[in-house]
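Coordinate analysis (summary)
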Amino acid sequence: HNGRRLQSLSVWRLTARAPTWTGRSGRQQRAMGGPSVQQHKPLEIGTNLYCKWRDEQFWMCEVIERRQNIETNEWSYYVHYLSFNRRMDEWVTIDRFDLGAQETTGDGKKVTRTTKRKFDESHHHEEEGELDPITLKEHEEATKVKNISRIAIGKYEMETWYFSPFPKEYSNIDTLYWCEYDLTYFARREQLERYMKTRCKRVHPPGDEIFRHGEMAVYEIDSRVERVFCENLCLLAKLFLDHKTLYYDVQPFLFYIICHCDEQGAHMVGYFSKERVSAEDYNLACILTLPCYQRRGYGKFMITISYELSKREGKLGTPERPLSDLGLVSYRSYWAQRLLEILSKQKGTISIKELSDMTSFRPEDIIATLQALDLLKYFGGQHSVYVSPKMIEQYVNKKDNSPPVDPSKLKWTPHSERVEAR
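Residues numbered from 1 in each chain as written. Predicted model: local features only at pLDDT ≥ 70, side-chain atom pairs only at ≥ 80, totals over all residues. Heavy atoms only, no water.

**Brief notes about the sheet that holds strand β13 (residues 265–275)**
What counts is decided by this rule: Pairing between two strands is assigned when DSSP locates at least 2 bridges connecting them. Helix and strand labels come from DSSP, where a helix needs a run of H or I of at least four residues and a strand needs a run of E of at least two; each type is numbered from the N terminus. All axes here are fitted lines through C-alpha atoms, helices being fitted over the stretch that makes contact, and every angle between N-to-C directions spans 0 to 180 degrees. When checking whether two residues touch, look at their non-hydrogen atoms; a contact exists if any pair is within 4.5 Å.
Judged by pairing direction, the sheet is antiparallel, and its 5 strands sit side by side in the order β10-β11-β12-β13-β14 without closing on themselves. Edge positions in the sheet fall to β10 (208–213) and β14 (286–289), since each has one partner strand and no second. On average, each strand axis in the sheet is tilted by 20° relative to the strand beside it, whichever way the strands run. Sitting on the sheet, helix α5 (residues 227–238) is in contact with β11 (216–222), β12 (253–262), β13 and β14, with an inclination near 75° to β12. Lying over the sheet, helix α6 (residues 298–313) contacts β10, β11, β12, β13 and β14, oriented at roughly 50° with respect to β13.

See below:
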């Protein structure tokens, strides 16, 4: 993985067929070979038509916004592909559209079942059922256009997925440059380079190191002490999380930065947060692995750490809802694998409560996971768990590339005990 979440799209020129023009003058223009692409009438917002995507195929999209270059007078359009998650929305030029197939409405029927399934499997299409329709519509309207195109952090540069409420002076810039240690951000690369040479003295995030094992480290950051860092972290996270509330008041939260360490320093790969005091006993409020580090097992690593914290607190843990789409996928996989590991070694009967005590999972999460795996059966007047040898083999032998978590390496005291000790 080279760190770029989405590669630049190749430019396609309209040569196969000219656009359809109406009226006598339109027919005369078509007979003469048609007008140049630059002379097109601006597309209306809300128009549905096919657009060439990075897979070299045409997909139905909706024009969400448009803008005109004051120097060239050319229009560009912000489009949403009807079959894809909003993270794929992008600015495109007129030469990417199939104007001959223009519609006023569209349902993306060009997507075949096979293509759609493959796309969903590779991109974890979002489940939006956690938000009610009115809230979802208001959210999408307010955040419909990405204001930051890409970010550069450490040695990686990656395209963003969603809108994030940065100050107005940072809106609509191509790349935002970040110090990977204290999360100060800049509009120009030379500003970041000057800052790193003259002002930034850090080689790791602020806060207390609570875990170190091999190349992995975890830092706990108190938002009451490092408020600006935590606010900047939320702004960064919102670029890659859609339906998660961005808290402007970060003080109720603790942040846990996950780092991969080398001779240059501790490089942030992701983070999770949790409430300092949670009335619902949530052990995780928000979780994100930066796109350049995804598919390396860091999500499972963070979830494991969060449950180790719950064990130290003597509580059962569960993540705050709604989960992001990728967070939901990570949790379902984690719960399933952990439960099947236990069941594969179990001799005789075991209750849901016993599973809960062993894992610190809430009973409802255990039941939902077993039901999703179709392992909970009802017969003889009671519910029982039936696991086939094939199912156990599938999960237990599944390749696990996540960094190991040795609980003995965790140097952490619950905050309730710290308060009592003062």
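**Side note on the packing of aromatic side chains**
Cut-off, in case you're wondering: Centres within 6.5 Å make a pair out of two Phe, Tyr or Trp rings, where for Trp the six-membered ring is used; the pair is then stacked when the planes are under 30 degrees apart, edge-to-face when over 60, and tilted otherwise. Only protein chains enter the accessibility calculation, which uses a 1.4 Å probe. A residue is then buried if its area is under 20% of the maximum for its type, exposed if over 50%, and partly exposed in between. Charge-over-ring placement is defined geometrically: NZ (Lys) or CZ (Arg) within 6 Å of the ring centre, and within 35 degrees of the ring normal.
With the rule as written, the count across this model stands at 21 aromatic pairs. Ring centres of Y293 and Y298 lie 6.2 Å apart, and the angle between their planes is 80°; this geometry places the pair in the edge-to-face category. Given the relative accessible area of 9%, Y293 is considered buried. Judged by its relative accessible area of 8%, Y298 falls in the buried class. Here the aromatic cluster, defined as three or more aromatic residues joined through ring pairs, consists of W53, W59, Y81 and F84. The ring of W91 carries the charged tip of R67 above its face, separated from the ring centre by 3.8 Å. Residue placement shows R87 over the ring face of W161; its charged tip is 4.4 Å from the ring centre.

**Looking at unusual backbone geometry**
Apart from glycine, the bulk of residues carry a negative phi angle, and the bulk of peptide bonds sit in the trans form. A positive phi is found at N73, a non-glycine position, where the angle reads about 65°. In this structure, N73 sits in the loop between β2 (58–68) and β3 (75–81). Positive phi values are uncommon outside glycine, yet R295 reaches one of about 65°. Among the secondary structure elements, R295 is positioned in the loop between β14 and α6. On the accessibility criterion, R295 (64% relative accessible area) is exposed.

**Considerations on the pairing of strand β7 (residues 156–159)**
Regular strands place side chains that alternate from one sheet face to the opposite one. With 4 bridges joining them, strand β6 (residues 148–153) and β7 adopt antiparallel strand pairing. When the bridges of β7 are listed, R150 appears paired with E159. Where β6 hands over to β7, the hairpin turn is made up of 2 residues, of which G154 adopts a positive phi near 60°.

**A look at the environment of K398**
Looking at the secondary structure, you find K398 in the loop between α10 (389–396) and α11 (415–421). For K398, a relative accessible area of 44% gives the class partly exposed. With 61 residues separating them in the primary sequence, K398 and Q337 have C-alpha atoms 8.8 Å apart. With sequence-adjacent residues up to four places away left out, K398 is seen in contact with S333 and Q337.

**Brief notes about the sheet that holds β7**
Across the sheet, which stays open at both edges, the 4 strands sit in the order β7-β6-β8-β9 with mixed pairing between neighbours. At either margin of the open sheet sits one strand with a lone partner, and together these are β7 and β9 (185–186).

**Describing the packing of helix α7 (residues 325–345) against helix α9 (residues 363–372)**
The condition is simple: Note that the term roughly parallel is reserved for angles under 35 degrees, roughly antiparallel for angles over 145, roughly perpendicular for angles of 65 to 115, and oblique for everything else. Residues were grouped as follows: Ala, Val, Leu, Ile, Met, Phe, Trp, Tyr, Cys and Pro as nonpolar; Asp, Glu, Lys and Arg as charged; and all remaining residues, including Gly, as polar.
Here α7 crosses α9 at 90°, and the two axes come no closer than 10 Å. What the angle tells us is that α7 and α9 run roughly perpendicular. Residues W335, A336, L339 and L343 of α7 lie in contact with α9, whose contacting residues are D365, I366, T369 and L370. Its residues assigned to classes, the contact of α7 with α9 shows 6 nonpolar, 1 polar and 1 charged.

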